[in-house]
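So the chains spell out like this:
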Amino acid sequence: MELTNQQPSFDLNRHSLMWGALATVLVINLADAGLTLWAVHMGWAVEANPFMAHVLDLGSIPFVLTKIFLVSSGVMLLWMLRSRTLLAAIGSFAVLGTYLYVLSCHMETFRYLMG
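The model shown is predicted, which means the values in this text are computed figures rather than measured ones.

S.K.: So what's going on with a nonpolar patch on the surface? Residues and values would help.
M.R.: Among the surface-exposed residues, Trp 38, Met 42, Trp 44, Tyr 112, Leu 113 and Met 114 lie close enough to one another that they form a single nonpolar patch of about 670 Å² accessible area. Of all the secondary structure elements, the ones that give two or more residues to the nonpolar patch are helix H1 (14–42) and helix H4 (86–113). Structurally, Met 42 is set in helix H1.

Put into structure tokens, the structure is as follows:
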């Protein structure tokens, strides 16, 4: 048996990029949930999504759990479809772009409120 001193290669292919995009979506989703709860409880904002506004009326825990479940389900579906269609990869980056926009809206709101 011959041992080689090869370094593992990192293939930056579509699936690697897609995994990174979807993992980032999950992290931003948690940040969005926390920032939304904070802004709503401070009286600075209301939940813009009518369905999630109704869930938020039920409490913070149902809101966060529903948000995690719905976004994670969408992420899982996109990941399961990754090998079948380029549309899943495009959708992953579209969702990432949307969440980055939502996060930038939170940041702009807090920048405005803090002076």
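S.K.: A description of the packing of aromatic side chains should follow, citing residues and the corresponding values.
M.R.: If you walk through the whole model with that rule in mind, you get three aromatic pairs. Ring geometry for Trp 38 versus Phe 110: centroids 4.7 Å apart, planes at 35°, classification tilted. Residue Trp 38 is located in helix H1, and its partner Phe 110 is located in helix H4; the two are separated by 72 residues in the primary sequence. Under the relative-accessibility criterion, Trp 38 is labelled partly exposed at 37%. Since its relative accessible area comes to 9%, Phe 110 is described here as buried. Ring geometry for Trp 44 versus Phe 110: centroids 5.9 Å apart, planes at 65°, classification edge-to-face. Linking Trp 44 in the loop between H1 and helix H2 (50–58) with Phe 110 in helix H4, this pair joins segments that are 66 residues apart in sequence. Under the relative-accessibility criterion, Trp 44 is labelled partly exposed at 31%.

S.K.: Before we move on, can you summarise the side chain of Glu 47 with the specific residues and values?
M.R.: Within the secondary structure, Glu 47 is located in the loop between H1 and H2. One buried charged residue, Glu 47, remains without a salt bridge, the closest side chain of opposite sign being Lys 67 at 6.1 Å. A polar contact of 3.1 Å, which involves the side chain of Glu 47, links it to the backbone nitrogen of Asn 49. Ignoring sequence-local partners within four residues, the contact set of Glu 47 consists of Thr 36, Val 40, Met 52, Ala 53, Leu 56 and Phe 63.

S.K.: An account of helix H3 (residues 60–80) is needed here, citing residue identities and associated values.
M.R.: An ideal rise of 1.5 Å per residue puts 30 Å on 21 residues; H3 measures up with 30 Å between its terminal C-alpha atoms. Here H3 has its buried residues at Phe 63, Thr 66, Lys 67, Val 71, Val 75 and Leu 78. Burial along H3 is one-sided: seen end-on, the buried residues are contained in an arc of 155°. Facing away from the buried side of H3, by more than 90 degrees, are the exposed residues Ile 61, Leu 65, Phe 69 and Met 80. Each element contacted by the buried residues of H3 is listed here: H1, H2 and H4.

About the thresholds
- Just so you know, the residues in each chain are numbered from 1, in the order the chain's sequence is written.
- Since the coordinates come from a predicted model, pLDDT governs what is reported: local features require at least 70, and pairs of side-chain atoms require 80 or more to be given and counted, while whole-chain, interface and lining totals use all residues.
- To obtain the side-chain values, all non-hydrogen atoms of the structure were included, while hydrogens and water were left out.
- Each patch is assembled from residues with relative accessible area greater than 30% and no salt bridge, linking like charges that lie within 9 Å and nonpolar side chains (Val, Leu, Ile, Met, Phe, Trp, Tyr) that lie within 5 Å.
- For every accessible area listed, the method is Shrake-Rupley and the probe measures 1.4 Å; residues are considered covered only by the protein chains on display.
- The working definition used for a salt bridge is a side-chain nitrogen of Lys or Arg within 4 Å of a carboxyl oxygen of Asp or Glu.
- In this text, helices come from DSSP runs of H or I with a minimum length of four residues, and strands from runs of E with a minimum of two, each type numbered from the N-terminal end.
- A pair of aromatic rings is counted whenever rings of Phe, Tyr or Trp (Trp by its six-membered ring) have centres within 6.5 Å, and the orientation is called stacked for planes under 30 degrees apart, edge-to-face for over 60 and tilted otherwise.
- Between buried and exposed lies partly exposed: a residue is buried under 20% and exposed over 50% of the maximum accessible area for its type, with that area taken using a 1.4 Å probe on protein chains only.
- Only four residue types enter the charge count: Lys and Arg as positive, Asp and Glu as negative, with His and the chain ends excluded.
- Polar contacts, as used here, are pairs of N or O atoms within 3.5 Å; protein pairs need one atom able to donate a hydrogen and one able to accept it. Residues neighboring in sequence count only if both atoms are side-chain atoms.
- Should any heavy atoms of two residues lie within 4.5 Å, those residues are counted as being in contact.
- To estimate how far a helix should extend, the number of its residues minus one is multiplied by 1.5 Å.
- Along the arc lie the directions from the helix axis toward the C-beta atoms.

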